[in-house]
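Chain by chain, the residues:
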Amino acid sequence: MSAQMLDGKALAKRLREELKEKFAEFTAAHGYAPTVAIFRIGDDEASAGYARAIEKTCQGVGAGSRMIVLPQSATQAEVEAALDMLNADPRVHGIMILEPVPDQIDHAALIDRMDPRKDVDGVHPLNAGRLLANRPPFFVPATPAGGLRLMEEAGVSFKGKHAVIVGRSDIVGKPMALLLLHRHCTVTITHSRTVDLPGVCRSADILCLAIGRAEMVKADWVKPGAVAVDFGTTYTDDGLKGDCDQAGVAEVAGLLTPVPGGTGPVTNVMLMENLLAAAELLAAG
Ligand code: NDP
């Protein structure tokens, strides 16, 4: 068997075009563009690069972006004061607190302090709790939302399917599991202490990988015809690698997201969907 590859680049391009129109309509109706504040503390290179990528995505759809960078030496009180200003600013509709934060900063306290209506990353406990309870409105973290969208676009049916999620982070593994549970999958969440991980993976109709270990999942871990969604992005000497052996798994799976070009390109577009939803929510009062 040779898997159909789920083209994230093409989907992202199409969704960006659709979003461009929606952002233009919002801006025309309200006189301002939905705007995200990208909040960074310190000088981490990767986080600065991510911030630039978000800025570029914003420009591409007609969203506004505001970069807030505090020094590595910033205190908790200074960071909280800056965050409070963003919470109160009516021209800021989304807030993203980028990681890593310096050791002296209590990251969880910042997340808790953010206005949940501006939480476009879906990390505030109120949004996480609403997702758990399947009680809208809530913001879904962009990465699993993108994985789900790729599957939906490919016509994957969820009801009664066994979904195995490898990884239990708050931003990928857990929300992916909940999204599939709410679509009536039978869900197994696995992690580094799971016994017989290959065997559990082999029982999956839908296998979602959010591990961060290059090419860990091999072809013989995958049920023939399964849907495999590979969120992994690990930079190696041989380039960017996913969590599965892409070439091997492509021989066994029915559908597979490539790395690069699968879930990655869709993630930032999902973030823009969240930003538009946040701006609409705030405008509705
Ligand atoms: P985390 O490091 O937060 O979580 C990794 C998870 O994988 C943990 O739950 C961990 O288990 C589990 N794990 C690690 N090693 C093993 C193992 N040997 N066997 C089984 N489980 C294991 O990562 P994230 O969720 O933030 O990210 C996961 C991947 O997704 C990364 O490659 C990241 O770069 C990528 N990513 C991709 C995005 C995209 O747009 N496509 C966006 C965000 C992330 P335990 O909990 O037991 O430690």
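Rules of the game
- Residues numbered from 1 in each chain as written.
- Predicted model: local features only at pLDDT ≥ 70, side-chain atom pairs only at ≥ 80, totals over all residues.
- Heavy atoms only, no water.
- Helix = DSSP H or I, 4+ residues; strand = E, 2+ residues; numbered from the N terminus.
- Axes fitted to C-alpha atoms, helices over the stretch in contact; angles between N-to-C directions.
- Parallel < 35°, antiparallel > 145°, perpendicular 65-115°, else oblique.
- Left-handed = near helix turned anticlockwise from the far one by under 90°.
- Contact = heavy atoms within 4.5 Å.
- Nonpolar A, V, L, I, M, F, W, Y, C, P; charged D, E, K, R; others polar.
- Pairing = 2+ DSSP bridges.
- Buried < 20%, exposed > 50% of the residue type's maximum accessible area, 1.4 Å probe, protein only.
- Phe/Tyr/Trp six-rings, centres within 6.5 Å; stacked < 30°, edge-to-face > 60°.
- Salt bridge = Lys/Arg side-chain N within 4 Å of Asp/Glu carboxyl O.
- Near = heavy atom within 4 Å.
- Polar contact = N/O pair within 3.5 Å; in protein donor to acceptor, adjacent residues only side chain to side chain.
- Areas by Shrake-Rupley, 256 points an atom, 1.4 Å probe, with all protein chains shown as cover.
- Domains from an automatic or database assignment.

**Examining unusual backbone geometry**
A cis amide bond links Glu99 with the next residue in sequence, Pro100, at an omega value of 0 degrees. The topology assignment puts Pro100 in the loop between strand 4 (94–97) and helix 4 (107–113). Between Val259 and Pro260 the backbone carries a cis peptide bond, its omega angle lying at -5 degrees. Inspection of the secondary structure assignment puts Pro260 in the loop between strand 11 (255–256) and helix 10 (263–283). Of note, the phi angle at Asp196 is positive, near 55 degrees, even though the residue is not glycine. The topology assignment puts Asp196 in the loop between strand 6 (186–190) and helix 8 (197–202).

**Structural notes on the packing of helix 6 (residues 142–153) against helix 10**
Running from N to C, helix 6 and helix 10 cross one another at 110 degrees; their axes reach a closest spacing of 7 Å. In terms of axis orientation, helix 6 runs roughly perpendicular to helix 10. Note that helix 6 runs across helix 10; the crossing there is right-handed. Every residue of helix 10 that contacts helix 6 at Ala142, Thr143, Ala145, Gly146, Gly147, Arg149 and Leu150 is listed here: Thr263, Val266, Thr267, Met270, Leu271 and Glu273. Counted by class, the contact of helix 6 with helix 10 contains six nonpolar, five polar and two charged residues.

**A word on the sheet that holds strand 11**
Strand pairing in a sheet relies on backbone hydrogen bonds, with the paired strands running either antiparallel or parallel. If you walk across this open sheet you meet the six strands as 1-11-8-7-5-6, and the pairing is parallel. One side of each edge strand has no neighbouring strand; the edge strands of this open sheet are strand 1 (4–5) and strand 6. One ladder, built from four bridges, connects strand 5 (residues 162–166) with strand 7 (residues 206–209); its direction is parallel. Residue pairing in the sheet places Ile165 in a bridge with Cys208 of strand 7.

**Concerning the environment of Ser2**
Of note, Ser2 is situated in the segment before strand 1. Relative accessible area serves as the criterion here: at 58%, Ser2 is assigned to the exposed category. For the pair Ser2 and Ala247, spaced 245 residues apart in the sequence, the C-alpha separation amounts to 9.7 Å. With residues near it in sequence (within four places) discarded, Ser2 still touches Ala250, Glu251 and Ala253.

**As for the packing of aromatic side chains**
Tallied over the entire structure, the rule returns one aromatic pair. Their ring planes at 70 degrees and their centres at 5.7 Å tell us that Phe26 and Tyr32 sit as a pair that is edge-to-face. Judged by its relative accessible area of 17%, Tyr32 is buried.

**Considerations on the pattern of salt bridges**
This model, assessed by the stated rule, comprises eleven salt bridges. Two residues, Glu153 and Arg14, come together in a salt bridge whose shortest N-O distance is 3.1 Å. Of this pair, Glu153 sits in helix 6 while Arg14 is found in helix 1 (residues 8–30), placing the two residues 139 residues apart along the sequence. Judged by its relative accessible area of 40%, Glu153 falls in the partly exposed class. For Arg14, a relative accessible area of 40% gives the class partly exposed.

**Considering the site of the ligand**
Neighbouring the ligand are 21 residues, the closest being Arg168, Ser169, Ser192, Thr233 and Thr267. The backbone of Phe231 places a nitrogen or oxygen atom 3.3 Å from an oxygen atom of the ligand. A distance of 3.1 Å separates a nitrogen atom of the ligand from a polar side-chain atom of Thr263. If the ligand stood free it would expose 920 Å²; the protein chains cover 70% of that surface. Across the shell around the ligand, the residue classes tally to seven nonpolar, eleven polar and three charged.

**Here we look at the domain arrangement of the protein chain**
Under the domain assignment used here, the protein chain contains domain 1 (30–116) and domain 2 (142–264). A C-alpha centroid distance of 30 Å is found between domain 1 and domain 2.

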